[in-house]
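Commentary on secondary and tertiary structure
Chain residues, written in single-letter form:
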There are 8 protein chains.
Amino acid sequence: MPKLKKKALVGIVMGSDSDLPIMTETARMLQQLGVSFDIEITSAHRSPERTADYARSAAGRGLKVIVVGAGGAAHLAGVIAAETTLPVIGVPIASSPLGGTDSLFSTVQMPGGVPVATMAVGKAGAVNAAIFAAQILATSNGSLSRRLAQHKREMARAVAEKSKRLKREFRL
Amino acid sequence: MPKLKKKALVGIVMGSDSDLPIMTETARMLQQLGVSFDIEITSAHRSPERTADYARSAAGRGLKVIVVGAGGAAHLAGVIAAETTLPVIGVPIASSPLGGTDSLFSTVQMPGGVPVATMAVGKAGAVNAAIFAAQILATSNGSLSRRLAQHKREMARAVAEKSKRLKREFRL
Amino acid sequence: MPKLKKKALVGIVMGSDSDLPIMTETARMLQQLGVSFDIEITSAHRSPERTADYARSAAGRGLKVIVVGAGGAAHLAGVIAAETTLPVIGVPIASSPLGGTDSLFSTVQMPGGVPVATMAVGKAGAVNAAIFAAQILATSNGSLSRRLAQHKREMARAVAEKSKRLKREFRL
Amino acid sequence: MPKLKKKALVGIVMGSDSDLPIMTETARMLQQLGVSFDIEITSAHRSPERTADYARSAAGRGLKVIVVGAGGAAHLAGVIAAETTLPVIGVPIASSPLGGTDSLFSTVQMPGGVPVATMAVGKAGAVNAAIFAAQILATSNGSLSRRLAQHKREMARAVAEKSKRLKREFRL
Amino acid sequence: MPKLKKKALVGIVMGSDSDLPIMTETARMLQQLGVSFDIEITSAHRSPERTADYARSAAGRGLKVIVVGAGGAAHLAGVIAAETTLPVIGVPIASSPLGGTDSLFSTVQMPGGVPVATMAVGKAGAVNAAIFAAQILATSNGSLSRRLAQHKREMARAVAEKSKRLKREFRL
Amino acid sequence: MPKLKKKALVGIVMGSDSDLPIMTETARMLQQLGVSFDIEITSAHRSPERTADYARSAAGRGLKVIVVGAGGAAHLAGVIAAETTLPVIGVPIASSPLGGTDSLFSTVQMPGGVPVATMAVGKAGAVNAAIFAAQILATSNGSLSRRLAQHKREMARAVAEKSKRLKREFRL
Amino acid sequence: MPKLKKKALVGIVMGSDSDLPIMTETARMLQQLGVSFDIEITSAHRSPERTADYARSAAGRGLKVIVVGAGGAAHLAGVIAAETTLPVIGVPIASSPLGGTDSLFSTVQMPGGVPVATMAVGKAGAVNAAIFAAQILATSNGSLSRRLAQHKREMARAVAEKSKRLKREFRL
Amino acid sequence: MPKLKKKALVGIVMGSDSDLPIMTETARMLQQLGVSFDIEITSAHRSPERTADYARSAAGRGLKVIVVGAGGAAHLAGVIAAETTLPVIGVPIASSPLGGTDSLFSTVQMPGGVPVATMAVGKAGAVNAAIFAAQILATSNGSLSRRLAQHKREMARAVAEKSKRLKREFRL
């Protein structure tokens, strides 16, 4: 998936390469919306220094939003949010036998003072993390805002289109 | 709780006046961070038109972020996110016998295409919704960004202070 | 699945075409009971206007009952119930990594004032939505009421038949 | 709570007198909507014959809808639905240490063939059972249908009124 | 699976023929312990009369214990326990998208007065229902009691045997 | 609560004296049914030898059934069932912050080979443990069997009585 | 609670002073076992640097074991375990509306490579964290090992004593 | 998997040979860290005497730590912890239809006085049990402590390496 070498506005981080099939959805949707990003693997538990360095330097490197995907006791988003005032978006990934409830609770139940904006578990959440990152950037970027409005209209149109096809199948 | 008559940047919405004891925390933290807001009650289910009107007109009225608190089958944040491309932050409120899991799942499990940035259930989430809203605004507002950094330092200082007091009690 | 062009009494709605394998069961059972229906895809989040239009015009178009299938943060049934006083029946669909608990809670935990009659998660619920819709119509339709009673007797007979076969296998 | 001696259209049933504080809400809302009802205690487990008699004779006595409240392993609604083709509405009651999840699952997860229209756990569900019963009756009763529409408008008005008051408190 | 034509002491009942792969385990273990049984399909919801007849006549037909397997809103064991004072053993079966929690809660959370002795969800529970039925019968049957003690010793021996084999694989 | 010095047929065991308010219900119901019992505190974890001694000697001392109440990681019933072929009935007690789900799962999810007959969480379960113990004994005791049938009829009568009173309150 | 000024072997850490009522149990039990400790408040999210400093310097300061109490998205134990190879014991605290499941999942579901030894939620877990820390130290400290064995015997004796008292109350 | 015949310091125990695919991970990681172990199958429920013998003799045979894997109503770790003051590490295994929550709750929710150090459900937990056992031994073994530190550095390096590869794929 090649990407233009624009300065990244969104940082995508994941705790393990096994999270890639999910977090690829974030990358794909950011590309579709024309938002530049970089991508990184770093673990809250296996590479804590690297993670802290990433988070502390994020604003300085020009990132505006960080999207974090992690599973199990998903601490990564919270640990990054602890080290930056950039908005951090968390994507819980269902990677343990507990089926995603552990990742969701670990990501969302942050204490007062350090928010993580949590998305749905899995692919839907990874897609939405990209859209939400774009919505944040669009608060000061009219052209991105228009692209988001356009994407919204297309979604509505796609629903209507699918409905029409369904009705034909049922001969209604 | 009086508030300066600045043009509101953040809209606080709740589904019922019984949500006020929680959502007051959002208002209080926004004031502390110097972010202007307005506040509204509207229900996804009992006043759907009013809710759609609110969401559709939000950007035009100058709102940049919407914070939504709701309990039970908490549809309000999702329903507002359906009608605007502004970032919508959801605060699940534990108001039914199911104890907040219902509100959390109803708020966070949005389908691909329409994100709701979900915070922790209850007061911690309401406080964090304010901070997250400020973090969004701070992506294009250096002075707010500095206030957030300052708030972060104060939190760290407060922890150290409490630890010192605890050690004294234990005579360590 | 062809259908006679009678004026539809039951509206089947689903949030996405991925819900069709479940919601087909509703269509099939309504046909078996001789109840006319139409079918539609519309999303609470991706096509909110279309959804509101559908709900507001439902009674005027002659619909008597609406059956709604949706997964994840399943807001669709609640959102439709907000816009009509027709009885709305919700079928939670297990489509996210959380396995159906999210859809069930999002569908059933409606606030006082706006009921959604919730069925079991998945296929059993989709079948029952059809039967329940017929039971509603049968409150003022004696012939349909007799067909339902007939269906009930056939279910009892089928159980007895299966039991007899089982006993033969065990040579009892 | 006195009631006019009209022939009952809705039967309210509960498994135990400890369910009365919840199920009273159904009675109150039916009265408010002008729908006649009778009320009964019968247990799926402690008085099974009485329960079967109740269910089998319900249609003959003129009942059009049955509302059932029960807690724990809440079998009562299902057991009644097994014996009648009248629409049965279930209200799960949170009466065990498991906090209502047990009642909800026991009420809603009915097998294909025998639906129970499940409402929210507790008081919200009891209120909504009344409204849903009225919505069923209104499918063939225009004046009741108008009362329901009126009730819907009043709910919307009440929300707007509360919002206005809230804004005054915040001096917005 | 042929069976001697002794008068049945244990009745095995299941709600649907889809429960057979689980409930076969009960039959197999009863045979292994030399306990006579009969087997029946009857549904709490689809064949309520047949179910009540079964339960009321059970003691008269010489049954001493009833084992009941059911899934989803698993009412069958409770409904049978309502109609007899014979000991009723419930086996929750994981047959719905909710994965067995619904069957477990529906089987075990019986109100004071009408017990159902609940076993583990699925096959382990079906095996144990047979052993528990035998333990009940063994309270007045010394030879069966000795067979159970023998079975217990064999289980312990089998564990020791497997451990020895494992140690060999690891060359310990 | 004095008790006749008959030879105990049922052993009541609990893991801690904090379980007594629940397990007293078992004692009370056994007395009401005229079944002799003894009572003991022993912990699976804090007094394992005492627990094993209790279980191994139970049959020899004339006990026919053992009722076990325990909370949290409720191992006591399983540990006793491991050491005897007497029927063991488990009562899960809600004593931890997890609210009873932990006790229920720890009691019921026994592996194939060693059943624990699990009752509802808390007081309802403690009452039912007594009734179920009596049902076991009644498989070879006609007079106890008649007392159980009598108790069942009284429960049904009590329900009818309460219903009559309720109807009077509502003037139906 | 005064304490001898021995060099601390166990570090007690908690995320907030609101966790003190629980974590005091760890301190009390360590004192009872004669194990020296120090105590600290530091937050994974509000004071991340302080937390990392604490963890990195722990071994150098002579600590042998770290006990960590935290609630909600309880990341503190995992974050400390990421920075040290000392054994880290986690005590989940039930401090959010989700009732402790969130803290338990966040503490226990650590990825392969970085263990946190998780105790029960709440006070039982805090007591056990102290005992487990002592068990770790006792692997190379015979006198502490004897104290633990002594404590185990006392627990067994206390159970027997309570049982005797209970029997007297029941006149058995 | 051959192993040097050093005197075992860690005992690996599992309740059934079906747990081997998980518990092999503990053996493999202990080998990688150069820690000697032995391995055993014994069941809390099917071979209670063997289990008690194992636990009581463990310290005498030179074991310093015991790692226990079990599923369902996972009593094995608690039962072993009841009979020894050696540190006991529990690995919950997801082997029942309830998907691991039952094993986790049964392992972790131990009463005050008898700790079980609980790891994550499944393979991650089995790996971590080995590392945690080594961390315990390393509190009095400098060379093992250095190997653990080395392993930690390698994990961090592996994360960085994977991240580099990922960036290349995305051409960043």
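For clarity, every value in this text was computed on a predicted model and none was experimentally measured. (Residues numbered from 1 in each chain as written. Chains lettered and ligands numbered in written order. Predicted model: local features only at pLDDT ≥ 70, side-chain atom pairs only at ≥ 80, totals over all residues. Heavy atoms only, no water.)

Concerning the overall build of chain A
What counts is decided by this rule: A helix here means a DSSP run of H or I that spans at least four residues, while a strand means a run of E at least two residues long, and both kinds are numbered starting from the N terminus. Relative accessible area decides the class of each residue, using a 1.4 Å probe on protein chains only: under 20% of the type maximum gives buried, over 50% gives exposed, and in between gives partly exposed. Contacts are assigned to residue pairs with any non-hydrogen atoms lying within 4.5 Å of each other.
Counting secondary structure elements, chain A contains six helices and five strands. The secondary structure elements of chain A, listed N-terminal to C-terminal, are β-α-β-α-β-α-β-α-β-α-α. Once the C-alpha set of chain A is aligned to its principal axes, its extents read approximately 60 × 40 × 35 Å. Put simply, chain A has 172 residues, and 66% of those count as buried. Considering only residue pairs separated by 6 or more positions, chain A has 68% of its internal contacts joining residues 24 or more positions apart.

Things to note about the arrangement of the chains
Contact between chain D and chain G is absent, and the minimum C-alpha spacing across the pair is 12 Å. What separates chain E from chain G at the closest point of their C-alpha atoms is a distance of 17 Å, and the two make no contact.

Observations concerning the relation of the copies chain B and chain G
Which entries qualify depends on this criterion: Superposing copies: least-squares fit, C-alpha atoms only, residues required to have pLDDT of at least 70 in both.
In screw terms, the move from chain B to chain G is a rotation of 90 degrees and a rise of 0.0 Å along the axis, fitting with an RMSD of 0.0 Å. On this basis, the relationship between the two copies can be described by a four-fold rotation axis. Rotation axis and chain B: the residue whose C-alpha lies nearest the axis is G99(B), separated from it by 6.0 Å.

What about the layout of surface pockets?
Inclusion rule: Here a cavity denotes a set of grid points, spaced 1 Å apart and computed over the protein atoms alone, in which a 1.4 Å probe fits but from which it cannot get out, and a pocket denotes an open set meeting protein on both sides within 12 Å along at least five of seven lines; residues with an atom within 4 Å of a point are reported as lining. Grid points are joined across faces, edges and corners, and a volume is the space filled by probe spheres set on the points. Lys, Arg, Asp and Glu make up the charged group, whereas Ala, Val, Leu, Ile, Met, Phe, Trp, Tyr, Cys and Pro make up the nonpolar group; the residues left over, Gly among them, are polar.
In this structure, the largest pocket encloses a volume near 1,300 Å³. Taken together, 39 residues make up the lining of the largest pocket; nearest its centre are T101(A), T101(B), T101(D), T101(F) and T101(G). Looking at the lining of the largest pocket, the elements with two or more residues in it are helix 4 (101-108) of chain A, helix 4 (101-108) of chain B, helix 4 (101-108) of chain C, helix 4 (101-108) of chain D, helix 4 (101-108) of chain E, helix 4 (101-108) of chain F, helix 4 (101-108) of chain G together with helix 4 (101-108) of chain H. Of the residues assigned to the lining of the largest pocket, the class counts are 23 nonpolar, 16 polar and no charged.

Focus on the relation of the copies chain A and chain B
Rotating chain A by 180 degrees and translating it 0.0 Å along the rotation axis places it on chain B, where the RMSD comes to 0.0 Å. The superposition operator between the copies reduces to a two-fold rotation axis. The overlap is high: 100% of the interface residues of chain A also sit at the interface in chain B, so the same surface is used on both sides.

Looking at the interface of chain B and chain G
Rules: Buried area, as used here, totals the accessible surface that two parts lose on assembly, with accessibility defined by a 1.4 Å probe and the loss added over both. Here, a salt bridge means any Lys or Arg side-chain nitrogen found within 4 Å of an Asp or Glu carboxyl oxygen. Pairs of N or O atoms within 3.5 Å make up the polar contacts considered here, provided that, within protein, one atom can donate a hydrogen while the other can accept it, and that residues adjacent in sequence are counted only when both atoms are side-chain atoms.
Of the residues lining the interface, 19 residues belong to chain B; the matching set on chain G comes to 21 residues. Between chain B and chain G lies a buried interface of about 1,700 Å² when both sides are counted; carbon and sulfur atoms form 68% of it. Remark: the boundary between chain B and chain G carries two salt bridges. Across the pair D17(G) and K162(B) runs a salt bridge whose closest N-O atoms are separated by 3.6 Å. Inspection of the chain B/chain G interface yields six residue pairs in polar contact (both at pLDDT 80 or more).

Observations regarding the packing of aromatic side chains
Test applied: The rule is short: rings of Phe, Tyr and Trp, with Trp giving its six-membered ring, pair when the centres are within 6.5 Å, and they are stacked under 30 degrees, edge-to-face over 60, tilted in between.
Summed over the entire model, instances satisfying the criterion amount to 16 aromatic pairs over all chains. Ring centres of F37(A) and F170(H) lie 6.4 Å apart, and the angle between their planes is 80 degrees; this geometry places the pair in the edge-to-face category. With F37(A) in strand 2 (residues 37-41) and F170(H) in the segment after helix 6 (142-169), the pair connects residues from two separate chains. Side by side, F37(A) and F170(H) carry an identical accessibility label, which is buried.

A look at the interface of chain A and chain B
Across the boundary between the two partners, chain A contributes 39 residues, which contact 39 residues of chain B. Broken down residue by residue, the surface that chain A buries against chain B is led by T85(A), P115(A) and T139(A), which jointly contribute 20%. Across the contact surface, chain A and chain B share zero salt bridges. Between the two partners, chain A and chain B, sit 17 residue pairs in polar contact (both at pLDDT 80 or more). Counting only elements with at least two residues in the side of chain A that touches chain B, the list comes to helix 4, strand 5 (117-118), helix 5 (123-138) and helix 6 (142-169) of chain A. Partitioned by chemical class, the residues of the side of chain A that touches chain B number 25 nonpolar, eleven polar and three charged.

What to know about the domain arrangement of chain A
All names here are of chain A. Using the following cut-off: The domain limits used here are those given by an automatic or database domain assignment.
Under the domain assignment used here, chain A contains domain 1 (10-140) and domain 2 (142-172). Measuring from the centre of the C-alpha atoms in domain 1 to the corresponding centre in domain 2 gives 28 Å. Across the boundary between the two partners, domain 1 contributes eleven residues, which contact six residues of domain 2. In this assembly, domain 1 packs against domain 2 so that about 640 Å² is buried in total across both faces, 72% of it on carbon and sulfur atoms. Looking at the side of domain 1 that touches domain 2, the elements that each hand over two or more residues are helix 1 (20-32) and helix 5. By residue number, the principal contributor to the side of domain 1 that touches domain 2 is helix 5, which donates five residues. Of the residues assigned to the side of domain 1 that touches domain 2, the class counts are seven nonpolar, four polar and no charged.

Some words on the packing of helix 5 (residues 123-138) of chain B against helix 6 (residues 142-169) of chain B
Residues and elements named next belong to chain B. The following threshold applies: Axis definition: a line fit to C-alpha positions, over the contact stretch in the case of helices; interaxial angles, taken between N-to-C directions, run 0 to 180 degrees. The labels follow the angle: roughly parallel below 35 degrees, roughly antiparallel above 145, roughly perpendicular from 65 to 115, and oblique for the rest. By convention the crossing between two helices is left-handed if the near helix lies anticlockwise of the far one by an angle smaller than a right angle, and right-handed if it lies clockwise.
At a minimum axis separation of 8 Å, helix 5 and helix 6 run at an interaxial angle of 140 degrees. By the angle between their directions, the pair helix 5 and helix 6 is classed as oblique. When you trace helix 5 past helix 6, the crossing you get is left-handed. Here helix 5 contributes I131, A134, Q135, L137 and A138 to the contact with helix 6, which in turn contributes L144, S145, L148 and H151. Here the residues of the contact of helix 5 with helix 6 sort into six nonpolar, three polar and no charged.

What about the side chain of S96(H)?
Relative to the helices and strands, S96(H) is located in the loop between strand 4 (88-93) and helix 4. With relative accessibility at 17%, the residue S96(H) sits in the buried group. At 3.2 Å, the side chain of S96(H) forms a polar contact with the side chain of Q109(F). Setting aside chain neighbours within four positions, we find S96(H) in contact with Q109(F) and D102(H).

Looking at the pairing of strand 1 (residues 10-14) of chain F
All names here are of chain F. Applicable threshold: DSSP-based pairing: two strands are paired if at least 2 bridges between them are found. With strands facing away from the observer, any crossover in which the path from the first strand over the helix to the second runs clockwise is taken as right-handed.
With five of its five residues buried, strand 1 lies for the most part within the structure. Pairing between strand 1 and strand 2 (residues 37-41): five bridges, direction parallel. Along strand 2, the bridge assignment pairs V13 with E40. With helix 1 (residues 20-32) bridging strand 1 and its parallel neighbour strand 2, the resulting β-α-β unit is right-handed. Pairing between strand 1 and strand 3 (residues 65-71): five bridges, direction parallel. When the sheet's bridge partners are listed, M14 is paired in strand 3 with G69.

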